[in-house]
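# Structural overview
So you can see what is in the structure, the chains are spelled out below.
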Amino acid sequence: MKARKLTPYIPSDADKAEDYALQFQKLIACATVSVKGSHDDTEFAKFRAVLEEEFPLIHANCEKMLFGDGCLMYKLKGTDESRNILLMSHHDVVAATEKENWDYPPFAGTIVDGKIYGRGTQDTKGSLYGELAALEQLLERGFRPKCNVWIGSSCNEETSGNGIPAARDWFQEQGITFDVILDEGGAVIDPPIGGMACAKCAMVAIHEKGIHDLVFTAETASSHGSLTSGQKATPTERMAAFITEVSKKPPFIRRINDQVRAMFEAMAPYAGAPMKLLLSNLWCFGPILVKVLPKLSAQAGGLIGTTVMFNDVVSSEKGLVCTAKVTLRSVDEDDVKIDIENLTKVASKYGIETKPGARWEFHAPADSTLPPFEILSKCVEEIFPDSPVIPYILPAGTDARTLTDVCKCVLRFAPIRMSKEQLASIHSRNENIDISALASCTAFYRRFLEYYEEEIK
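In this report, we go over the structure that sits alongside the text. Residue numbers here run from 1 along each chain, matching the order of that chain's written sequence. At least 70 in pLDDT is required for a residue's local features to be given in this predicted model, at least 80 for side-chain atom pairs to be given and counted, and no such filter applies to totals for whole chains, interfaces and linings, which use all residues. Based on all heavy atoms of the structure, the side-chain values leave hydrogens and waters out of the count.

## Some remarks on the side chain of His207
Numbering of helices and strands runs from the N terminus, with a helix taken as a DSSP run of H or I at least four residues long and a strand as a DSSP run of E at least two residues long. Mapped onto the secondary structure, His207 falls in strand S8 (residues 201-208). Within polar-contact distance, the side chain of His207 engages the backbone oxygen of Val331 at 2.9 Å. Two N or O atoms count as a polar contact when they lie within 3.5 Å, although within protein this holds only if one can serve as hydrogen donor and the other as acceptor, and sequence-adjacent residues are included solely when both atoms are side-chain atoms.

As structure tokens, this is what we get:
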């Protein structure tokens, strides 16, 4: 793959940035904190009222729907109603606690030194504002899309709530599918490895790791005498030995799959030596990377296979039963089936029973050969010319994962330029966004909708 010629970044819509910021403050002022297991609609109703006031053309021209506890869906009809695209960003946020010790009130949208501080500025009211502001501006120009344009925003993404799943069920009932869905996930951040010849990278997640829960149970009736020099081991001892073996030598497949290969190949032209040599010649150095990456970090190792986390290990009062709840995060659906078989074999060595847990999710990766990925890349080149597009696998979960049944090209990318400190502020103290980044975000979504129009034949 050849490197795209990179040029300096110049913030878009600079003349409108302050106006955007003042409008955006009103969204941040709504403390739309989602709480698992309950829903108080007070702040969410206030938020919806703010949207109606600030984006009147959207509310005048779009059909508005609510799903679940208050998942918003706006639909702007196109001339060809058989085709659809969906832009997404959730408007619920995590709580801002006193322990975080913010420098500014977390729900005031305080503007200081060109930055807006507040919970949700990055995750993800910033991108939602960009989507809505972009469509509002296009409607001011008389925009009538060729396909249906949807904007969706969940009120309970942070708690894995019922909003987007309810919308998906309705889409399926109506036979609605999407050419592309663009949700949160990646962003414009510092290069993921050192020595890259670029200021930032536009990280676009084309896949999300699957989630598989398992429950392991050791009981007194089962024993494995070899563990204690011929004496019967207790359930807790056997469980501890099992966990130790799995931690030291995970029985999982390790390989470079298609999505990871795409990431390495996209990074290669910008990487410094010796990484450029390694990434450009995966046919030769791939096996070395497979061995080295898990030793570099758990995150790096997670790119090339299943990872395991032992969550709750509990022994009964008399020690007769010991259970362990485990979460596997998988890259490949076929590989994880084999991984579970191998994990079960290890458990059986210690007389431990394996059963499925609560979650069993795997969602198909995006088809990045389809036109929407190229359109997104074109927008990145225009709005963030110093940043190459790098596809990758997202280790976290998003609302978009539940929509792969209605779309073959689910892309996870919020067009927000952020520093390392801003990335670290998500779900933490002093979450903030640059005013210029908010403006460029808006420009990106506007261009995405415009370019998409040009691509539709």
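That covers the picture; the talk isn't over yet.
## Things to note about the environment of Val410
By the element assignment, Val410 lies in strand S14 (residues 410-417). Between the C-alpha atom of Val410 and that of Arg447, which follows or precedes it by 37 residues, the distance is 18 Å. Not counting residues up to four positions away in its chain, the partners in contact with Val410 are Ile181, Ala205, Ala366, Ala400, Leu403 and Thr404. In this description, contact between two residues means that some pair of their heavy atoms is separated by no more than 4.5 Å.

## What about the nonpolar core?
Ranked by internal contacts, the top residues of the largest apolar core, which has 115 residues, are Leu411 and Phe444. With 12 residues, helix H14 (residues 435-455) is the single largest residue contributor to this core. Residue contacts for Phe444: discarding those within four places in its chain leaves Leu182, Leu376, Cys379, Val380, Ile383, Phe384, Phe413 and Pro415. Counting residues in hydrophobic clusters, the runner-up holds 20 residues, among them Ala324, Ile340, Leu343 and Ile352. Side-chain atoms within 4.5 Å link the members of a nonpolar core, which is a set of buried Ala, Val, Leu, Ile, Met, Phe, Trp, Tyr and Cys residues. Between buried and exposed lies partly exposed: a residue is buried under 20% and exposed over 50% of the maximum accessible area for its type, with that area taken using a 1.4 Å probe on protein chains only.

## Examining the sheet that holds strand S5 (residues 115-117)
Strands pair, by our definition, only if DSSP identifies at least two bridges between them. What the three strands build is an open sheet, ordered S4-S5-S15; its pairing is antiparallel. Both edges of this open sheet fall to strand S4 (110-112) and strand S15 (432-434), since each of them pairs with a single strand only. Across the sheet, the mean angle separating the axes of adjacent strands is 25 degrees when strand polarity is ignored. Under this scheme, a helix contributes an axis fitted over its contacting stretch, all axes are lines through C-alpha atoms, and angles between N-to-C directions fall in the 0 to 180 degree range. H14 contacts S4, S5 and S15 of the sheet and is inclined by roughly 70 degrees relative to S15.

## Let's talk about the environment of Ala262
Relative to the helices and strands, Ala262 resides in helix H7 (residues 258-267). Once the C-alpha coordinates of Ala262 and Ser368 are considered, the two residues, 106 residues apart in sequence, prove to be 9.6 Å apart.

## So, the packing of aromatic side chains
In this analysis, rings of Phe, Tyr and Trp, with Trp reduced to its six-membered ring, are considered paired at centre separations within 6.5 Å, and the interplanar angle assigns stacked below 30 degrees, edge-to-face beyond 60, and tilted for intermediate values. Counting across every chain of the model gives 19 aromatic pairs. Taken together, a centroid distance of 6.1 Å and an interplanar angle of 75 degrees make the contact between Trp150 and Phe178 edge-to-face. Taken together, the residues Trp150 in strand S6 (residues 147-153) and Phe178 in the loop between helix H5 (163-174) and strand S7 (180-189) connect sequence positions 28 residues apart. Residue classification places Trp150 among the buried residues on the basis of a relative accessible area of 1%. On the basis of relative accessible area, Phe178 is assigned to the buried category, the value being 5%. Between the NZ or CZ atom of Arg447 and the centre of the ring of Tyr451, over which it lies, the distance is 4.2 Å. Working rule: Lys NZ or Arg CZ, within 6 Å of ring centre, within 35 degrees of ring normal, means a charge sits over the ring.

All quantities given are derived from atomic positions and should not be read as evidence of function.
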